[in-house]
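Report on the structure
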Protein chains: 2
Amino acid sequence: MQTLTVGLGERSYPIHIGQELLGEGELLQAYLPRKRVAIITNTTVAPLYLARLQQTLQAIGVSSVPVVLPDGEEYKTYETLNLIYDALLRNRCERSTPLIALGGGVIGDMTGFAAATYLRGVPFIQIPTTLLAQVDSSVGGKTGINHPLGKNMIGAFYQPQLVLADTDTLNTLPDNELAAGMAEVIKYGLIRDLPFLEWLEQNMEKLMARDTAALQYAIARSCRNKAEVVAADERESGERALLNLGHTFGHAIESGMGYGNWLHGEGVAAGTVMAADLSQRLGWISARDVERVRNLFERARLPVIAPDLGTDKYLELMGLDKKVEGGKIRFVLLKQIGSAVVYGDVPPELLRQTLEACVHG
Amino acid sequence: MQTLTVGLGERSYPIHIGQELLGEGELLQAYLPRKRVAIITNTTVAPLYLARLQQTLQAIGVSSVPVVLPDGEEYKTYETLNLIYDALLRNRCERSTPLIALGGGVIGDMTGFAAATYLRGVPFIQIPTTLLAQVDSSVGGKTGINHPLGKNMIGAFYQPQLVLADTDTLNTLPDNELAAGMAEVIKYGLIRDLPFLEWLEQNMEKLMARDTAALQYAIARSCRNKAEVVAADERESGERALLNLGHTFGHAIESGMGYGNWLHGEGVAAGTVMAADLSQRLGWISARDVERVRNLFERARLPVIAPDLGTDKYLELMGLDKKVEGGKIRFVLLKQIGSAVVYGDVPPELLRQTLEACVHG
C-alpha cells in the first residue's frame, strides 16, 4: 500500500492506494466515530463490492445504509441526486453521518455534491472503483451534477476526508473503462511530468494487461501529480485549469453525442489530440509531437478522431463551457510535450481548422 | 449609514446599513469589475425596487440580467432554484459574474445556494429588502432550499462578498412581515444581549411604527450580534447553534402547517415561547420570565400560542430537524433571560408537557 497526502491545510486528507483495501477496516475506523455511514453506489458496483464493504464495516462495529443508484452518466442529474437526499432523510442521517462513495466518477461526483449540500455539509469518503475515479475524479474535491444545458454546471468544491483506491476493483472493470481512465493518466504526463510520459510509453502494454504493480505505480504517480496541482490551486483560479487539457473539446464531444454515449476519457483522448493539433497550428509543438500524442492514446485503445458534429455545433457547445472568461474561450494547450499552458488568444481561423481536421470526414 | 464587518478571515465582508443605499452605486462598484451581474428577485420585489437597482448599476456601467422568481416560501424548492440555473446558463453567466439577491430570506437563501453551486461557486451580494433578511438570513452564509421531507435540508455555507441593508425598503413591507423580522431581533436580546432586550422593551412601539432611527439601530445591533456569533463559529459546531432559539419548535410549526402558511418569524415567536416554557419546566427561568418573553412578542404583534398539531406530530416533525445529534434532540433553551444554551438531555415528559401546554387547546 502507498499513501499520499493532498495538502490543503485543515482540509488535507490521505489517499491510500493498494490491493485488498476494501477489507481494511482499520483505515476507515478513525473516520467513523458514530458507527454509522451511508454508502452510495450503483446497480453495477453493488453486486460486486457492496457486501464486502458492509462486512468490513460490520467487523469494526459500523452499521451502513446502502443507497443503490442507476448506473451511467445519463443519471448524473438532479433527479438521481434527490434519490440520495430522500434516502438520507428517510434514514434520519445526521450532520455527523459520513457518506461513502463506492463506485466510479459519477458516483463520486454525485455523492460528493450530496455530502456538500445535505444539511449544509456532512463528512465524505471516496472509495473509487474505476481507474478514472482513482486517478482523477476522487482526488481534488470537484463534485457536481450535469444540467440539461451543460455538463458539471452545478456543483461545489468539497474535499473528502479520505480516499481508498483498491486496485483489485480494477479487475472487474470493462476494457473500455480501463482505457478511458488511461486518458487521464496520460494527461498528467503531457501537462507536467515528461518522465512519467516516457514511463507510460514504455509500459502501456503492461498497463492495458492490468499488471498490478504497473497499475499501482501509475495510479500513485497520477494522484501525486493531481495532489500537487490541487494543493497549489484548490479552486481552479490558475494552475489547476491545466488539468482540463483536452476537456473543452472533450466536453463538447460528450455533450454533442449525448451524455453517456462517449465515455469521459474517450472524449478527453480525442479532445487532447485536438488540443495538440491546435498547439501545432500555433507553432508550439511539431507534427511529430502530435503524432506522439496520438500514438500513445491509440496504444491505450482510445479514440483519437472526434465525431463530426460540424464546426458551428462545436463552437456553440464550447461557448457554454465553464472555462469561458470575459466571453473568450480559454484553451489548455501544449507549449511542449510535458508542459501545458492556458491560452485565451486562439485565432478563430486556427480553431476552425482544428475542428475540421480532427474529425471523421 | 453604519458599517459592520463579519470577521471570517479571507471570507470577511462588510454590511452597510442605512437609507437610500439602493442608489449608492459606489458601494457596489468594487465588487463588479466585469461590469455584468445577475439580479435574482421575485414578483413582489421586482416592481418595487428592480428598476431602481438596475439604474444604479447602469450609472456605474454595469449591465444586469434580471431573474424574477415567484414569491413565497412554497417556492423555495429545487424547481425554482433550477429557474435560476437555467437563466444563468442561457445568459452565459460565467464564474466571474456575481449574483445579487434582491429580496427577502427566501430569495437570499436560494440565490446564495445558486451562487454556491453554479459552476461550483460564483460571487454573491445580498441586498435584503425585509427586516428578517436584514437582521438574520442575509448575514452568516447559510444558504439553501427546502426538501419535501424538511425545511432547509439542502444547502451550503457560502458567504456573500457584501450586504447592503437599505432601511427604506422596509417602508413597503407588510405589517406581518415586519413583525416576523422582529421575532429574530428579539431573539438576539434573549440569547446573548440583555441590554438590547431592555432597549427593545422600551422601544417596541417605535419600531412597530417604523421609526427610521430606531429601526436602523435595531438592525445594526442585531447584525453585530449575529456577526460576532458567526465569526466565532462559522459552520455551527458550537455557539452558532444558539441562534436557533425557538427554531426547533418553529420549524415543526412551519412544516406541520405547510410551508408558507406560517411565516418563519411567526413560527420562531411561538417556538421561542415554547422554548421558554420548557426552560421554566427545567427550573432555569421563572414563570415571570416566560411572561416577559411572551409579552414582548405580543407587543411585536406575533403569535405566542402554537397550533395544535398533536404531541406525536410535533415529535415526529422535530425528529427530522438538523439539530439532532446521535439520535437525541438538542434544544436551544434559556439558562436565564439574555443567555441561551444548547441542551440535549430534556426529559421526554417535560417536552410533552410543553407541547401540550403551549398550543391552542
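Residues numbered from 1 in each chain as written. Chains lettered and ligands numbered in written order. Predicted model: local features only at pLDDT ≥ 70, side-chain atom pairs only at ≥ 80, totals over all residues. Heavy atoms only, no water.

Under an unreviewed UniProt entry, the name given to chain A is 3-dehydroquinate synthase, and the source organism is Ferrigenium kumadai. Under the UniProt heading Function (unreviewed entry), the entry covering chain A gives this text: "Catalyzes the conversion of 3-deoxy-D-arabino-heptulosonate 7-phosphate (DAHP) to dehydroquinate (DHQ)." Recorded in UniProt for chain A, the comment headed Catalytic activity (unreviewed entry) runs: "7-phospho-2-dehydro-3-deoxy-D-arabino-heptonate = 3-dehydroquinate + phosphate". (UniProt positions renumbered as here; feature names shortened; annotations may be inferred.)

**Here we look at the overall build of chain A**
Secondary structure assignment for chain A yields 13 helices and 13 strands. By its C-alpha atoms, chain A is 60 × 40 × 35 Å across when sized along the principal axes. Residues counted as buried form 63% of the 361 residues belonging to chain A. In chain A, of all internal contacts separated by at least 6 residues, the share reaching a separation of at least 24 is 75%. Surface exposure of chain A reaches about 12700 Å², of which carbon and sulfur atoms provide 47%. For chain A, the distance from the average position of its 34 positive side-chain charges to the average position of its 41 negative side-chain charges is 5 Å. (Helix = DSSP H or I, 4+ residues; strand = E, 2+ residues; numbered from the N terminus. Buried < 20%, exposed > 50% of the residue type's maximum accessible area, 1.4 Å probe, protein only. Contact = heavy atoms within 4.5 Å. Areas by Shrake-Rupley, 256 points an atom, 1.4 Å probe, with all protein chains shown as cover. Lys, Arg positive; Asp, Glu negative; His and termini not counted. Charge placed at Lys NZ, Arg CZ, Asp CG, Glu CD.)

**Overview of unusual backbone geometry**
Residue and element names in this part refer to chain A. If you check the backbone angles, Glu 20 has positive phi at about 60° while not being a glycine. Take Glu 20: it is sitting in the loop between β2 (13-18) and α1 (25-29). Positive phi values are uncommon outside glycine, yet Asn 152 reaches one of about 55°. You can see Asn 152 is positioned in strand β8 (residues 150-157). Since its relative accessible area comes to 8%, Asn 152 is described here as buried.

**A closer look at the relation of the copies chain A and chain B**
When chain A is fitted to chain B, the best match, at an RMSD of 0.0 Å, comes from turning it 180° and sliding it 0.0 Å along the axis. Such a combination of turn and shift is consistent with a two-fold rotation axis. In this assembly the copies share their binding face: 100% of the residues contributing to the interface of chain A also contribute to that of chain B. (Least-squares fit on C-alpha atoms with pLDDT ≥ 70 in both.)

**Here's the deal with the environment of Leu 207 of chain B**
All names here are of chain B. The topology assignment puts Leu 207 in helix α7 (residues 194-208). The exposure class of Leu 207 is buried, given its relative accessible area of 0%. Taking C-alpha positions, Leu 207 is 8.3 Å from Ala 218, a pair spaced 11 residues apart along the chain. Residues within four places of Leu 207 in sequence aside, it is in contact with Leu 178, Met 182, Trp 199, Leu 200, Ala 214, Leu 215 and Ala 218.

**A word on the interface of chain A and chain B**
Residue-level contacts link 38 residues of chain A with 39 residues of chain B. A salt bridge links Arg 95 of chain B to Glu 236 of chain A; the nearest nitrogen and oxygen atoms lie 3.3 Å apart. At the junction of chain A with chain B, the criterion picks out 12 residue pairs in polar contact (both at pLDDT 80 or more). Broken down by secondary-structure element, the contributors of at least two residues to the side of chain A that touches chain B are α3 (78-90), α4 (105-117), β7 (142-147), β8, α12 (311-319) and β10 (324-325) of chain A. (Salt bridge = Lys/Arg side-chain N within 4 Å of Asp/Glu carboxyl O. Polar contact = N/O pair within 3.5 Å; in protein donor to acceptor, adjacent residues only side chain to side chain.)

**With respect to the packing of helix α7 (residues 194-208) of chain A against helix α8 (residues 212-232) of chain A**
Residue and element names in this part refer to chain A. As a packed pair, α7 and α8 sit with axes 10 Å apart at the nearest point and diverge in direction by 150°. Relative to α8, the element α7 lies roughly antiparallel. Crossing of α7 against α8: the hand is left-handed. Facing α7, whose interface residues are Pro 195, Phe 196, Trp 199, Lys 206 and Leu 207, α8 presents Ala 214, Leu 215, Tyr 217, Ala 218, Arg 221, Ser 222 and Asn 225. (Axes fitted to C-alpha atoms, helices over the stretch in contact; angles between N-to-C directions. Parallel < 35°, antiparallel > 145°, perpendicular 65-115°, else oblique. Left-handed = near helix turned anticlockwise from the far one by under 90°.)

**Comments concerning the sheet that holds strand β9 (residues 162-166) of chain B**
All names here are of chain B. The sheet built from 7 strands is open, its strands ordered β1-β2-β9-β6-β5-β3-β4 with mixed pairing. At either margin of the open sheet sits one strand with a lone partner, and together these are β1 (2-6) and β4 (63-69). For this sheet, the mean angle separating the axes of adjacent strands, direction not counted, is 20°. Looking at chain direction, strand β6 (residues 124-128) and β9 are connected through 2 bridges and run parallel. Within β9, the position partnered with Gln 126 by the bridge is Val 163. Running at roughly 155° to β4, helix α3 (residues 78-90) makes contact with β3 (36-42), β4 and β5 (99-103) of the sheet. Sitting on the sheet, helix α8 (residues 212-232) touches β1 and β2 (13-18), and the angle it makes with β1 is about 15°. (Pairing = 2+ DSSP bridges.)

**Some words on the packing of helix α10 (residues 264-281) of chain B against helix α11 (residues 287-299) of chain B**
All names here are of chain B. Two elements in contact, α10 and α11, have axes separated by 9 Å at closest approach and are oriented at 175°. One element, α10, and the other, α11, form an angle in the roughly antiparallel class. From α10, Ala 269, Thr 272, Val 273, Ala 276, Asp 277 and Gln 280 reach across to α11, where they touch Ala 287, Val 290, Val 293, Arg 294 and Phe 297. Here the residues of the contact of α10 with α11 sort into 7 nonpolar, 2 polar and 2 charged. (Nonpolar A, V, L, I, M, F, W, Y, C, P; charged D, E, K, R; others polar.)

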